[in-house]
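Residue strings, one per chain:
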Amino acid sequence: MAMSDKDRKIVRDLAAQVAAIAADPIQQQTIDLWKRHNAMQKTRPPMLLYDGTGHETGNRYELLCTDDFARGQEAGLRGQIYHWEHQRDDHVWRPKIECDIKIDCTPMGLSEKSTRPDHQFGSRQFHEALHDDADPSMIPDPVVTVDWETTNRRFEQLSELYDGILEVYKNGVWVHWFAPLDLFITVRGIEQLMLDMIDRPQWVHAWLKRFADWEINRLKQCEALGVMTLNNDARFVGSGGEGWTDELPLKDFNGTVRMKDQWGHAAAQIFSEVSPAMHEEFALQYEAPFLNLFTLKCYGCCEPLHHKVDVIFKHVPDLRRLSMSPRADAFRGAAALGGRAIFSYKPNPADMGMTNWDVSILRANLKKVLDCCYANGCIPEVVMKDLHTVRGDVKRMWDWVAMARELSAEYAV
């Protein structure tokens, strides 16, 4: 259905605002900061905040379009403008619009069983859905297909809408979140998997190898089909930092994106309380071959890794970014990591929900961590993520970003 003139004008006017934001000289300055940072050069620490509080803080803006497609475009553009006006972190705004390539993949055929309380963020409990006699061969090989007809139709629609204002490009596979153990517990159950690693280790190994082979097979098909997209720009890589770098794509790049032209990422969040030795045996043994398909590699998310730094580097010696979650001992982590990889620090988002808001407390805590990082030769970045409550006060996020940017400037090199 054709978009109304009214909706079209609303979207194009917003697009013009985004284009103006993207043309601000600060964007190139921030790109240069990320490139130096991702190249392991000494800089001020980049700062990002990912807002996940919309469920309690409500809409940030009113949508005026009536057509569903137009409203989707309007929401994305207004979100970028709102971010620029209120949360000026080190995100980079680009004069571009994504058109997702329609990619389908046959499923593994596994079904989870879980229960959770009647609360938006209630803790989910996974129950055993994969029984003792289950064989990994039950998972069929993946088959990837691309619907170019639908993709091209949408591309033409977007190109016509944004003509002369924003560049439209086809967006393929660029997110890599390889976490086979986090997948395994959804069909086996957390407690049962922990017992299996003691009672039936070879069975667990067989399943993890199948998961790894399946994912690598899927990505190789995507690579052969030419549906991968570079992630060396404003996209998040690892568990939060932006991917700007001159190291990707590789010098022999011919226009078709390969895994070695991208950042890759692996994690084992469910292994928070598992020893370094078991982390090595059951996680890294399967994650390292996956990560080695990529030139730049990231590891970790919410699991504490301060006591596993050496074993991670044993398997991934050229790791570029390591997550230090709120559950990690940041001071031990900084001492163990040094300047071997980016110290991707995640402040505790629960602090944003304190009863009586006092951003100076968060500043003092952050300064202690950054001082420790620089004393140990680390290359830190700060990513406030998994943020689900600010007690309904959006201004807390604005305050945090302003504080973090001001503090970051004290470490400018």
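What counts, and at which threshold
- Residues numbered from 1 in each chain as written.
- Predicted model: local features only at pLDDT ≥ 70, side-chain atom pairs only at ≥ 80, totals over all residues.
- Heavy atoms only, no water.
- Pairing = 2+ DSSP bridges.
- Helix = DSSP H or I, 4+ residues; strand = E, 2+ residues; numbered from the N terminus.
- Axes fitted to C-alpha atoms, helices over the stretch in contact; angles between N-to-C directions.
- Contact = heavy atoms within 4.5 Å.
- 1 Å grid on protein atoms, 1.4 Å probe; cavity = no way out; pocket = protein on both sides within 12 Å on 5 of 7 lines; lining within 4 Å.
- Points joined across faces, edges and corners; volume = space filled by probe spheres on them.
- Patch = residues over 30% accessible without salt bridge, like charges linked within 9 Å, V, L, I, M, F, W, Y side chains within 5 Å.
- Areas by Shrake-Rupley, 256 points an atom, 1.4 Å probe, with all protein chains shown as cover.
- Salt bridge = Lys/Arg side-chain N within 4 Å of Asp/Glu carboxyl O.
- Buried < 20%, exposed > 50% of the residue type's maximum accessible area, 1.4 Å probe, protein only.
- Core = buried A, V, L, I, M, F, W, Y, C linked by side-chain atoms within 4.5 Å.
- Nonpolar A, V, L, I, M, F, W, Y, C, P; charged D, E, K, R; others polar.

1. Thoughts on the sheet that holds strand S13 (residues 342–345)
Whether parallel or antiparallel, the strands of a sheet pair through hydrogen bonds between backbone atoms.
Next up, step 1: Sheet architecture is open: 6 strands sit in the order S1-S14-S13-S12-S11-S10, paired in parallel fashion. Both outer strands of the open sheet, strand S1 (47–51) and strand S10 (263–266), are each paired with one neighbouring strand and no more. On average, each strand axis in the sheet is inclined to that of its neighbour by 20 degrees, with strand direction left out of account.
Next up, step 2: The sheet contact formed by S1 and strand S14 (residues 379–387) spans 4 bridges and is parallel. Its bridge partner lying in S14, Asp51 is registered against Leu387.
Next up, step 3: Across the face of the sheet, helix H9 (residues 276–291) comes into contact with S10 and strand S11 (296–299) while running at roughly 155 degrees to S11.

2. Details of empty space enclosed by the protein
Next up, step 1: Inspection of every chain in the model, using the stated rule, returns 2 cavities of 30 Å³ or more.
Next up, step 2: In this model, the largest cavity occupies a volume close to 80 Å³.
Next up, step 3: Lining the largest cavity are Trp174, Val175, His176, Trp177, Asn231, Phe236, Val237, Gly238, Trp263, Gly264 and His265.
Next up, step 4: For the lining of the largest cavity, the secondary structure elements donating two or more residues are strand S8 (236–237) and S10.
Next up, step 5: Top contributing element to the lining of the largest cavity by residue count: S10, with 3 residues.
Next up, step 6: A volume near 40 Å³ is recorded for the second largest cavity.
Next up, step 7: Lining the second largest cavity are Ile26, Gln27, Thr30, Trp84, Arg88, Asp89, His91, Trp93 and Arg405.
Next up, step 8: Looking at the lining of the second largest cavity element by element, the count peaks at 3 residues for helix H2 (residues 25–38).

3. Digging into a nonpolar patch on the surface
Next up, step 1: On the surface, a nonpolar cluster with roughly 350 Å² of combined accessible area is contributed by Tyr50, Val175, Trp177 and Phe236.
Next up, step 2: Mapped onto the elements, Phe236 comes out in strand S8.
Next up, step 3: Residue classification places Phe236 among the partly exposed positions, given a relative accessible area of 35%.

4. Describing the pattern of salt bridges
It is possible for side chains of opposite charge to pair when their charged atoms get near one another.
Next up, step 1: Taken as a whole and assessed by the stated rule, the structure comprises 35 salt bridges.
Next up, step 2: With its nearest N and O atoms 2.6 Å apart, the salt bridge here joins Asp132 to Arg188. Remark: Arg188 occurs in helix H6 (residues 180–188) and Asp132 occurs in the loop between strand S5 (125–127) and strand S6 (144–146); sequence separation between them is 56 residues.
Next up, step 3: For Asp132, a relative accessible area of 42% corresponds to the partly exposed category.
Next up, step 4: A network of salt bridges, in which partner residues are shared, links Glu128, Asp132, Arg188, Asp196 and Arg200.

5. Some thoughts on the nonpolar core
Next up, step 1: Core analysis: the biggest nonpolar cluster contains 83 residues, and Phe184, Tyr299, Leu322, Phe343, Met352, Leu366 and Trp400 have the highest contact counts within it.
Next up, step 2: When residues of this core are assigned to their parent elements, the largest contribution, 10 residues, is made by helix H8 (residues 201–225).
Next up, step 3: Among all residues touching Met352, those that are not within four sequence positions of it are Leu49, Trp357, Leu362, Met384, Leu387, Thr389, Val390, Arg396, Met397 and Trp400.

6. Examining the packing of helix H7 (residues 190–199) against H8
Next up, step 1: Between H7 and H8, the least distance of the axes is 6 Å, while the angle of their chain directions is 115 degrees. Contact with H7, carried on its side by Leu193, Asp196, Met197, Ile198 and Asp199, involves Pro201, Trp203 and Val204 of H8 and no other residues of that element.

7. Description of unusual backbone geometry
Excluding glycine, residues mostly have negative phi values, and the peptide bonds linking residues are mostly trans.
Next up, step 1: Between Leu248 and Pro249 the backbone carries a cis peptide bond, its omega angle lying at -5 degrees.
Next up, step 2: With respect to the helices and strands, Pro249 occurs in the loop between strand S9 (241–242) and S10.
Next up, step 3: Phi angles above zero are rare outside glycine, and Met40 is one such case at about 70 degrees.
Next up, step 4: Its place among the elements puts Met40 in the loop between H2 and S1.
Next up, step 5: Judged by relative accessible area, which is 22%, Met40 ranks as partly exposed.

8. Side note on the layout of surface pockets
Next up, step 1: Within this model, the largest pocket holds a volume of roughly 910 Å³.
Next up, step 2: Looking at the lining of the largest pocket, the elements with two or more residues in it are S1, helix H4 (68–86) and strand S2 (96–100).
Next up, step 3: Counting residues per element, the lining of the largest pocket draws most heavily on H4, which supplies 9 residues.
Next up, step 4: Of the residues that constitute the lining of the largest pocket, the class distribution is 15 nonpolar, 10 polar and 10 charged.
Next up, step 5: Each pocket or cavity is described by its volume, and for the second largest pocket that value is around 640 Å³.
Next up, step 6: What lines the second largest pocket is a set of 17 residues, and nearest its centre among them are Ser123, Arg124, Phe126, Gln269 and Cys302.
Next up, step 7: Sorting the residues of the lining of the second largest pocket by element identifies H6 and S14 as the ones contributing at least two each.

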